[in-house]
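# Chains, contacts and geometry: an overview
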Amino acid sequence: MAPVVVKSGPTCAVIALKCPNIKVTIVDLNQSRVDAWNSSDFALPIYEPGLVDIVKACRGRNLFFSTDVDKGIQEADLIFVSVNTPTKKSGVGAGFAADLNYVELATRRIAAVATTSKIVVEKSTVPCRTAESMRTILDANSKKGCDFQILSNPEFLAEGTAINDLLSPDRVLIGSLQTPEGRDACESLANVYAHWVPKERILTVGLWSSELSKLAANAMLAQRISSINALSAICEATGANIDEVAYAVGKDSRVGPKFLKASVGFGGSCFQKDILNLVYLSESLHLPEVAAYWKQVVQLNEYQKRRFSKRVVDTLFNTITGKKIAVLGFAFKADTGDTRESAAITLIKHFQEERARVVVYDPQVVESQIWMDLSEASPDISLDQIKKQVSIAPSALEACHNAEAIVIATEWKEFREINWELVYANMNKPAFVFDGRLLVDVEKLKQIGFKVMSIGRGDTY
Ligand SMILES: NC(=O)C1=CN([C@@H]2O[C@H](COP(=O)(O)OP(=O)(O)OC[C@H]3O[C@@H](n4cnc5c(N)ncnc54)[C@H](O)[C@@H]3O)[C@@H](O)[C@H]2O)C=CC1
Ligand SMILES: O=C(O)[C@H]1O[C@H](OP(=O)(O)OP(=O)(O)OC[C@H]2O[C@@H](n3ccc(=O)[nH]c3=O)[C@H](O)[C@@H]2O)[C@H](O)[C@@H](O)[C@@H]1O
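Our subject in this report is the structure included herewith. (Residues numbered from 1 in each chain as written. Chains lettered and ligands numbered in written order. Predicted model: local features only at pLDDT ≥ 70, side-chain atom pairs only at ≥ 80, totals over all residues. Heavy atoms only, no water.)

### Quick notes on the sheet that holds strand β13 (residues 432-435)
The strand order across the open sheet built from six strands is β11-β10-β9-β12-β13-β14, with neighbouring strands paired in parallel fashion. With one partner strand each, in any of the chains shown, β11 (390-392) and β14 (451-454) form the two edges of the open sheet. Between one strand axis and the next, the sheet turns through 20° on average, direction left out of account. Relative to β14, β13 runs parallel, the two being bridged by four bridges. Bridge pairing in β14 links Asp435 to Ser454. On the sheet, helix α14 (residues 367-377) packs against β10 (357-361) and β11 and is oriented at approximately 160° with respect to β11. (Pairing = 2+ DSSP bridges. Helix = DSSP H or I, 4+ residues; strand = E, 2+ residues; numbered from the N terminus. Axes fitted to C-alpha atoms, helices over the stretch in contact; angles between N-to-C directions. Contact = heavy atoms within 4.5 Å.)

### Some thoughts on helix α12 (residues 288-315)
When the terminal C-alpha atoms of α12 are compared, their 39 Å separation across 28 residues agrees well with the 40 Å that a helix rising 1.5 Å per residue should span. When the local axis directions of α12 are compared, the greatest deviation, roughly 25°, occurs at Gln296. Positive backbone phi, approximately 65°, marks Phe317, located one or two places after α12. (Expected span 1.5 Å × (residues − 1). Bend = angle between axes of the 7 residues up to and from the residue.)

### A few points about the site of ligand 2
In the vicinity of ligand 2 there are 20 residues, among which Leu157, Lys214, Ser263, Cys270 and Arg437 approach most closely. In the model, an oxygen atom of ligand 2 is placed 2.8 Å from a nitrogen or oxygen of the Glu159 main chain. Notes on ligand 2: free accessible area 700 Å², of which the protein chains cover 89%. Among the elements that line the shell around ligand 2, the one with the most residues is helix α9 (residues 207-238), at four residues. (Near = heavy atom within 4 Å. Polar contact = N/O pair within 3.5 Å; in protein donor to acceptor, adjacent residues only side chain to side chain. Areas by Shrake-Rupley, 256 points an atom, 1.4 Å probe, with all protein chains shown as cover.)

Laid out in structure tokens, this is it:
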């Protein structure tokens with residue numbers, strides 16, 4: 001069997017690793033990304049722990065990367081469509097609905113060039129019933145004798161832990177039409193995963209349930225973070241400690257301990273996008289109360305970021321104008337170079353508005369990405385103007401030099417291991433640490449002399 005993949009590097013690299021008898025070709029229109037996947041020094045387009053070893057083991061054996069989309073489609077029996085589905089920026093549903101243009105274009109291309117029957121797998125996160133639109137396009141445009149079966153197979157990996165998530169998934173979900181042909185297609189895909197995933201973890205359901213389950217899973221994960229972040233505000237006002245509250249609540253097996261870490265706000269390319277998508281779906285279905293419920297998860301997240309920035313300003317004697325603030329971390333979480341919807345972008349924008357001087361350090365995010373994100377966040381300000389206020393440091397130590405305050409925006413492990421005595425010696429006094437990730441040892445830093453403010457702790461100053 002020869003699946004071809006429209007994008008989705010980590011997933012398909014793991015399929016190639018675990019299924020040496022399957023030829024996997026990842027096709028992407030983006031030449032520079034494909035060049036990076038094929039680069040001789042394995043400088044891959046994304047940073048993901050463990051990925052490079054898999055690509056080293058499989059590339060050229062049964063894993064190939066190409067921009068020749070048409071050839072990839074023609075050779076494949078199984079096609080994963082994993083193109084981007086961002087939030088629409090204009091037109092009907094702008095700011096909420098998913099932009100399905102890339103999915104539609106990829107589907108039309110499959111219909112146009114396929115000369116044999118295929119199983120087309122919807123891997124992108126999409127609104128409920130998108131598979132129906134894909135089937136309509138394929139049926140209306142296919143050649144005689146070409147039959148297309150559409151499956152939904154949502155991706156549940158998280159960035160930074162993608163390889164582990166893929167190697168030992170909690171579940172693999174496959175949705176299909178409940179027709180004999182639909183069930184056969186479902187079994188073919190299940191057989192691919194069965195190379196390494198225990199059978200009881202491969203769940204097969206109807207198409208629409210599968211599509212909705214993906215949005216539901218992300219919405220419920222993000223809802224837990226907004227719930228704990230809402231409680232963090234109460235902790236700060238009362239002297240309770242959010243880590244202790246999360247621990248106590250998470251011990252109830254009905255709640256569970258995961259995804260209860262209070263933070264400066266969730267980021268990443270999917271949580272906000274997928275919840276807004278769910279909000280739009282609910283509104284389209286004339287369910288305004290349901291829409292309002294999910295919308296609040298995103299609104300609370302915005303509030304959390306604003307609340308944190310305000311606490312910085314309030315604590316620094318109500319003004320940060322001209323003060324140097326070191327922002328440690330720019331990625332939306334640790335162990336990734338991805339910055340999409342990162343809380344750091346919003347915080348820096350707030351600090352810019354207060355006319356502070358900001359120095360950023362992140363161990364993985366490249367400089368050009370930081371400048372691009374900050375420019376996009378402040379479209380009315382030129383990059384030259386931004387660079388007068390913001391600079392990028394090559395290490396955490398240098399970022400903190402002569403700063404009045406440190407803001408921890410990403411939970412990189414190396415920030416836990418900083419030489420805090422040295423950092424303190426080189427800072428202006430009083431030296432403040434604002435921990436947006438509950439990362440530092442508060443007591444240790446206080447002993448050194450720092451004034452420490454943690455999310456969800458009112459007693460740490
Ligand atoms: N990034 C993640 O960790 C996860 C992403 N997802 C979902 O997977 C989908 C893809 O997400 P990302 O990989 O983050 O997006 P991305 O924006 O990083 O990559 C999408 C790629 O698709 C390519 N592309 C677009 N149209 C194409 C076409 N017609 N033919 C060939 N290539 C085409 C683009 O050049 C781009 O490189 C989204 O629906 C997202 O919600 C789901 C779970 C996890
Ligand atoms: O659809 C997707 O794209 C993916 O979205 C998330 O994965 P991801 O965004 O990569 O990373 P998460 O670990 O979920 O973190 C998201 C954000 O929440 C924050 N977070 C996470 C957990 C927590 O307890 N507290 C918290 O603030 C993280 O720092 C990060 O900013 C989901 O966890 C994946 O299951 C899903 O496949």
